[in-house]
Amino acid sequence: MTPAVDAPTIRPARVTDVPAIVAMVHELAEYEQAPDECHLTGEQLHAALFGPAPALFGHVAVDATDTPVGFALWFLNFSTWAGVHGIHLEDLYVRPAARGTGAGRQLLATLAAICVERGYQRLEWWMIHWNPAAEFYRAVGAVQMTEWVPYRLSGAALRALAGRAGDGDRPAGRPRG
């Protein structure tokens, strides 16, 4: 199948793409009905993608003028059972005007190609349960995982548990300090 003439091009994110990616992350938060929960700044994303030891990676779908119209932000995970890395896709978003151009499929295909090239066995992501993209994901062969239940530790609970770090080094019943 030949790509459409106006099909976006996929390339690694560049420093100059950071403002557009941040704007699209905020658009995604709006779409997912959680705009007040999104606090990402350009400085944060720049440091995560382009700092001295980046642990976040990104690709953008760009139109004919090299303007980003979609993005994928991802990081490596590791399967102790398989003994190899995989990719965790944190966010995939295509602006409404660019939907239907193949941008989303090409972003996923690019990450799948990285997995195959590097010997990774998994490309995984989370999706909010009501997102109509589920049909798209099934169409590319993705399978919904149902055996595993997500957990999250954040806010006060995270800080409380962090305050217990090192408690295992004290004899039981012995006070701190």
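Before any of the text, the structure's been laid out above.
One structure accompanies this document, and this report is about it.

Further remarks concern the overall build of the protein chain. Of regular secondary structure, the protein chain possesses 5 helices and 5 strands. Listed by position from the N terminus, the elements making up the protein chain come as β-α-α-β-β-β-α-β-α-α. Taken over the C-alpha atoms alone, the protein chain extends approximately 70 × 35 × 35 Å along its principal axes. A burial count over the protein chain gives 30% of its 177 residues as buried. As displayed, the protein chain offers around 12,000 Å² of accessible surface, 58% of which is attributable to carbon and sulfur atoms. Treating the 14 positive side-chain charges of the protein chain as one cloud and the 18 negative ones as another, the clouds have centres 9 Å apart.

All right, on to the side chain of N77 then. Relative to the helices and strands, N77 resides in strand β3 (residues 68-79). Side chain to side chain, N77 and E124 meet in a polar contact 3.3 Å long.

Contact geometry of helix α1 (residues 18-31) with helix α2 (residues 42-50) gives a least axis separation of 9 Å together with a crossing angle of 115°. With respect to α2, the element α1 is oriented roughly perpendicular. Read as a crossing pair, α1 and α2 show a hand that is right-handed. Here α1 contributes V18, I21 and V22 to the contact with α2, which in turn contributes G42, L45, H46 and F50. Grouping the amino acids of the contact of α1 with α2 by side-chain chemistry returns 5 nonpolar, 2 polar and no charged.

Let us now look at the pattern of salt bridges. Summed over the entire model, instances satisfying the criterion amount to 4 salt bridges. The shortest N-O distance in the salt bridge between D66 and R11 comes to 3.1 Å. Separated by 55 residues along the polypeptide, D66 in the loop between β2 (57-62) and β3 and R11 in strand β1 (residues 9-12) bring together distant segments of the chain. For E27, the salt bridge is made with R95, and the minimal N-O distance between the two is 2.8 Å. Remark: R95 occurs in the loop between β4 (84-94) and α3 (103-118) and E27 occurs in helix α1; sequence separation between them is 68 residues.

The next thing to look at is a nonpolar patch on the surface. Judged by side-chain polarity, L153, L158 and L161 come together as a nonpolar surface patch covering roughly 270 Å² of accessible area. Along the chain, L158 turns up in helix α5 (residues 155-162). With relative accessibility at 42%, the residue L158 sits in the partly exposed group.

In spatial order, the strands read β1-β2-β3-β4-β5; together these 5 strands make up an open sheet with mixed pairing. Each having just a single partner strand, β1 and β5 (123-125) make up the two edges of the open sheet. The sheet shows a mean angle of 30° between the axes of neighbouring strands, taken without regard to direction. Direction of pairing for β3 relative to β4: antiparallel, over a ladder of 10 bridges. Bridging across to β4, L76 finds its partner in I87.

Thresholds, definitions, all that
Residues numbered from 1 in each chain as written. Predicted model: local features only at pLDDT ≥ 70, side-chain atom pairs only at ≥ 80, totals over all residues. Heavy atoms only, no water. Helix = DSSP H or I, 4+ residues; strand = E, 2+ residues; numbered from the N terminus. Buried < 20%, exposed > 50% of the residue type's maximum accessible area, 1.4 Å probe, protein only. Areas by Shrake-Rupley, 256 points an atom, 1.4 Å probe, with all protein chains shown as cover. Lys, Arg positive; Asp, Glu negative; His and termini not counted. Charge placed at Lys NZ, Arg CZ, Asp CG, Glu CD. Polar contact = N/O pair within 3.5 Å; in protein donor to acceptor, adjacent residues only side chain to side chain. Axes fitted to C-alpha atoms, helices over the stretch in contact; angles between N-to-C directions. Parallel < 35°, antiparallel > 145°, perpendicular 65-115°, else oblique. Left-handed = near helix turned anticlockwise from the far one by under 90°. Contact = heavy atoms within 4.5 Å. Nonpolar A, V, L, I, M, F, W, Y, C, P; charged D, E, K, R; others polar. Salt bridge = Lys/Arg side-chain N within 4 Å of Asp/Glu carboxyl O. Patch = residues over 30% accessible without salt bridge, like charges linked within 9 Å, V, L, I, M, F, W, Y side chains within 5 Å. Pairing = 2+ DSSP bridges.

Honestly, it's all geometry; don't read function into it.
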